[in-house]
Amino acid sequence: MADMEKQYNWKDVESRVYKAWEESGYFSPENSTSGEGSGQFSTIMPPPNANGRLHAGHALDMTLKDILTRYWRLKGKRALFLPGADHAGFETQVVYEKQLEKEGKSRMEMDRESLYKGMYEFTLENKQYMEDDVRALGASCDWSREKFTLDNDIIEKVRLSFVKLYEDGLVYRANRIVNWCTKHQTSLSDVETESEEREDMLYYIEYGPFTIATVRPETIFADVAIAVHPNDARYSEHVGKTVTVKTPIGEQELQVIADDYVDPEFGTGALKITPAHDGNDFEIGKRHNLPMPETINAYGKLTERAGKYAGMNIAQAREAVVADLESMGLLKKKEAYKHVVPFCYKCSRVIEPRIMDQWFVKMESFAKKALEALDSKKIDFLPGNMEKIFRYWMENTIDWNISRQIVWGIKIPVWYGEDGAIHLPKRQKFLLARHGESEANRDKVMGAQNDVALTDTGKEQALELAKSLKSAGISKIVHSPLSRSKESAQIIASELGVSDIEEWSDIAEVNAGEFAGKPIEGKNVLEAALESKDGEKLADLTKRAQAVIERMRAVDTEGTVLVVGHRSFTSVLMSVWAGRNEKYYTADRRRFTFENATYKELEVLIAPKGEGLTEETDVFDTWFSSGQWPYLALGYPDSSDFKTYYPTDVMETGADLIFKWVPRMVFMSAYFTGTEPFKTVYFHGMINDAKGQKMSKSKGNVLSPIELVDEFGADALRMSLVIGNPAGANMALSKDKVKAYRNFTTKIWNAARFVSMNWDESLDVWNASLSAEQQSLFDEFSAAKKSIEDHIQNFRLHLAGEELYHYFWHTFADKVIESQKAAMMGEDSAQKASALKLLGTLLKEQLILLHPFMPFVTEELYQNLPFADKKEFLMIESL
């Protein structure tokens, strides 16, 4: 390969190579097994938020997962890296609101449908950018399986899971105090709030016979009691009595209660109790059956209950109330006070506790399931110290608020009657069946929309299907207008005694146009239609499938509905239901296909019927859907993917998700599937700047992974993210580090180019014999290879990358090549052949071993070097 470019130009290589990989179909595990290994490897992308470009943490995540996927693919396993995207409810709505603000608009001025539509379009556009970024990083995802948390099937299964949890008594609605963001107008769970120590003023106020200390004097108008410790002798004479206290808007009567929560050492040992505006006070209020009036509204302003302060925001009211208390002689003193304050993680406003009707998940039994998985060692945590953090959160859990007062997300499937009664949707089960064998099937021609009849075999198949469905509770049968579908439906209806039979014209087979009635010749109806000039096109098929889905949602019948249709259209219907891009319909057809007179299950929720019902407007907390991601993304409960690839092998994610996402995946998976969602959790730390500081736009120190790819190449970025970065550790990323591995990419290219330039096609290189010295050099590599693979298999990817780097640069390039130069340049053809065999063999083996870490440069070299027994792509070689 003497014409090999002098320099490696990643900009010319990476997009071209990735396109070739993707078009080859080898990202799909069914197509790519090639080695001596067996079994499968699976990992699921922690779905990046579909509202923007990837950041450095995402790049690390994609890189680590792809290294493992590519490695196990080379080892011969069916390796699935399943891509996905998260609608990221609250976060995306916040991002979209900022865009609206720039346009001079407010979500508060928009109707729900318009706001949702705008966010959907915004998200899909940004989702495409995010997916392009994933491709640029070289992630070998099976894009034909890509999932989105707002796909039809995911939405339906998330809603079904809520219904099941409700029926099992594990979710409930209650009027409880929650974390409220006054800017974004929604409640937040504890894991969506952040806390920091802040210094406020502690005010000592004369309160009848007491002096109380508070940081929130503006809430005194919602006080209902004064609490003291039961053993505090200072106040025992007042317990059980009512006292009169003065306020700037008049006197109010307060109960004096005794409660063990009170710390006699804090302040004066007497606490004002405001159940509506403090979580601890709320619990005290419940214990003592106290009233819970509100004096601060949803927008952080004081209500009419505050008299002359009504309409003021919290800061204004605090200043005014303190001034008035001081003028009345009621303010005894004030002092600086440090305490931990919770705030919204998106806008940094202090959280305002509010009492609201919300939906909660009972966490006690779920926490036990998570701890059981930990105690039984079913899941390994890397690094191991993350187990302690996981255990702490599960041993100190509180019920999970899953209600969000936003538009963007999956609606909680509940309706309320005029009397407040809760109404759940009805589960409607569908069986999507294929007709029996038709004359076209028998004759191996395209039936398509031609009206061909059943064969005798087809009639027998329909009868056998009916017998297998006797216990399925079929109450209605739907068929297409085509004879083979109608005949099958009639046979089944007669056998099962079903009288409710209906024809749906829109479930007819795909129109194959000019290919209809022609020999199949390796094509299916869908593929023939797409090739035909006058066949049905994907856009039309999509609309037809969407119309059928809406029709299914409107069905109102008891029992199961059997839909007797056709294979190609049913596969399109399943693809649309699964949210697939039209590009992947034909790939889906392989997975969603089924034989004559067999069926697939589909379950949808039907809105309850009745007068005066009001639909819940709250949507689920994003973690409720993403907590079910590992099994829902694989098609739980009955898909072949779920049966093959679940539980997954590894979940690689950020260390900050140890108490947010990981526990939810563990206990939701344990509850719904009966097993753990993954075997290993690999936590990566934070990617900081070169000085170890957190990257932030305000600091101007953010490094975009895609900009780094453009400047230095994806392979260089991948190596810089892995080497020196053990599990759980924060790492510093700089342009200099990425540049250093760009130099390594150049070193690989130059070494390969040297071997190529000195290759002699006239020699029988691959049958040459190695000398004892050459064999020793090969054995040295074999030992390094064994060590490197051991590191990979035990998730020490940073050490594997480091050893690969040092062997190639300092041993192969600096030592082995130098030792063989004389033989390569000499006149002895046998010695030259032996030298080339050693160098060619070691180069090929190293490219295979380096490939998971540096896929682009290794694939480009593999395609252009004269290796023996080459496969179509390096990515499907054998390791």
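In the block above lies the structure referred to throughout.
Only a predicted model underlies this, so the values are computations on that prediction, with no experimental measurement involved. (Residues numbered from 1 in each chain as written. Predicted model: local features only at pLDDT ≥ 70, side-chain atom pairs only at ≥ 80, totals over all residues. Heavy atoms only, no water.)

J.: Run through a nonpolar patch on the surface, naming residues and quoting values.
T.: A cluster of nonpolar side chains, contributed by I389, Y392 and W393, occupies part of the molecular surface with about 280 Å² of accessible area. Here W393 shows up in helix α10 (residues 386-395). (Patch = residues over 30% accessible without salt bridge, like charges linked within 9 Å, V, L, I, M, F, W, Y side chains within 5 Å. Areas by Shrake-Rupley, 256 points an atom, 1.4 Å probe, with all protein chains shown as cover. Salt bridge = Lys/Arg side-chain N within 4 Å of Asp/Glu carboxyl O. Helix = DSSP H or I, 4+ residues; strand = E, 2+ residues; numbered from the N terminus.)

J.: I'd like to hear about the packing of helix α23 (residues 714-722) against helix α24 (residues 735-757), residue by residue, with values.
T.: Remark: α23 packs on α24, axes separated minimally by 8 Å, with the N-to-C direction vectors making an angle of 120 degrees. As far as their axial angle goes, α24 and α23 are oblique. In this structure, α23 meets α24 at a crossing whose hand is right-handed. Taking contact as the criterion, the partners of D715, A716, L717, M719 and S720 in α23 are, on α24, K737, V738, Y741, R742, F744 and T745. Residue classes in the contact of α23 with α24 are distributed as six nonpolar, two polar and three charged. (Axes fitted to C-alpha atoms, helices over the stretch in contact; angles between N-to-C directions. Parallel < 35°, antiparallel > 145°, perpendicular 65-115°, else oblique. Left-handed = near helix turned anticlockwise from the far one by under 90°. Contact = heavy atoms within 4.5 Å. Nonpolar A, V, L, I, M, F, W, Y, C, P; charged D, E, K, R; others polar.)

J.: Any details on the pairing of strand β1 (residues 40-44)? Residues and values, ideally.
T.: Here is the key point about a regular strand: its side chains alternate between the two faces of the sheet. Burial of β1 is extensive: four of the five residues sit out of reach of the surface. The pairing of β1 with strand β2 (residues 78-82) spans five bridges and is classified as parallel. For Q40, the partnering residue across the bridge sits in β2 and is R78. Handedness of the β1-helix α3 (residues 56-74)-β2 crossover: right-handed. (Buried < 20%, exposed > 50% of the residue type's maximum accessible area, 1.4 Å probe, protein only. Pairing = 2+ DSSP bridges. Right-handed = clockwise from strand over helix to strand, strands pointing away.)

J.: So, the environment of N31: which residues are in play, and what are the values?
T.: Residue position: N31 is located in helix α2 (residues 29-32). Its relative accessible area of 33% is what places N31 among the partly exposed residues. Each C-alpha atom of the pair N31 and R78 lies 8.4 Å from the other, and the pair is 47 residues apart in sequence. Among the polar contacts listed, one links the side chain of N31 to the backbone oxygen of G25, at a separation of 2.8 Å. (Polar contact = N/O pair within 3.5 Å; in protein donor to acceptor, adjacent residues only side chain to side chain.)

J.: How would you summarise the packing of helix α22 (residues 705-712) against α24 if you had to cite specific residues and measurements?
T.: Closest axis-to-axis distance for the α22/α24 pair is 10 Å, and the angle between their directions is 40 degrees. The orientation of α22 with respect to α24, classified from their angle, is oblique. Crossing handedness for the pair α22 and α24: right-handed. On the side of α22, the interface is formed by L708, E711 and F712, while α24 contributes K735, V738, K739 and R742. Of the residues assigned to the contact of α22 with α24, the class counts are three nonpolar, no polar and four charged.

J.: Go over helix α7 (residues 279-287), please, and point to the residues and values.
T.: Residues of α7 that are buried include every one of D281, F282, I284 and G285, and no others. Buried residues of α7, viewed axially, fall in a sector of 165 degrees; they line one side. The residue sitting at the N-terminus of α7 and contributing the capping side-chain oxygen is D278; that oxygen lies 2.9 Å from the backbone nitrogen of N280. Among the residues trailing α7, N289 stands out with phi positive, at a value near 55 degrees. (Arc of directions from axis to C-beta.)

J.: Please provide a residue-by-residue account of the packing of aromatic side chains, values included.
T.: Here a ring pair, both rings aromatic, is described through the centre-centre distance and the interplanar angle of the planes. Considering all chains together, one arrives at 44 aromatic pairs under this definition. With a centroid separation of 6.1 Å and an interplanar angle of 85 degrees, the aromatic rings of F744 and F808 are classed as edge-to-face. Here F744, found in helix α24, pairs with F808, found in helix α26 (residues 797-825); they are 64 residues apart in sequence, far enough to count as distant. Lying over the aromatic face of F148, K127 brings its terminal NZ or CZ to 5.6 Å of the ring centre. For the cation-ring pair, R176 lies above F360, with the distance from its terminal atom to the ring centre recorded as 4.3 Å. (Phe/Tyr/Trp six-rings, centres within 6.5 Å; stacked < 30°, edge-to-face > 60°. Lys NZ or Arg CZ within 6 Å of the ring centre and 35° of its normal.)

J.: Please provide a residue-by-residue account of the sheet that holds strand β9 (residues 225-228), values included.
T.: Consider a sheet: its strands pair through backbone hydrogen bonds, and that pairing is either parallel or antiparallel. Across the sheet, four strands lie side by side as β10-β11-β9-β12; this open sheet has mixed pairing. In the strand order of this sheet, the two ends are held by β10 (242-247) and β12 (271-273), each with one partner. In this sheet, neighbouring strand axes are inclined to one another by 40 degrees on average, regardless of whether the strands run parallel or antiparallel.

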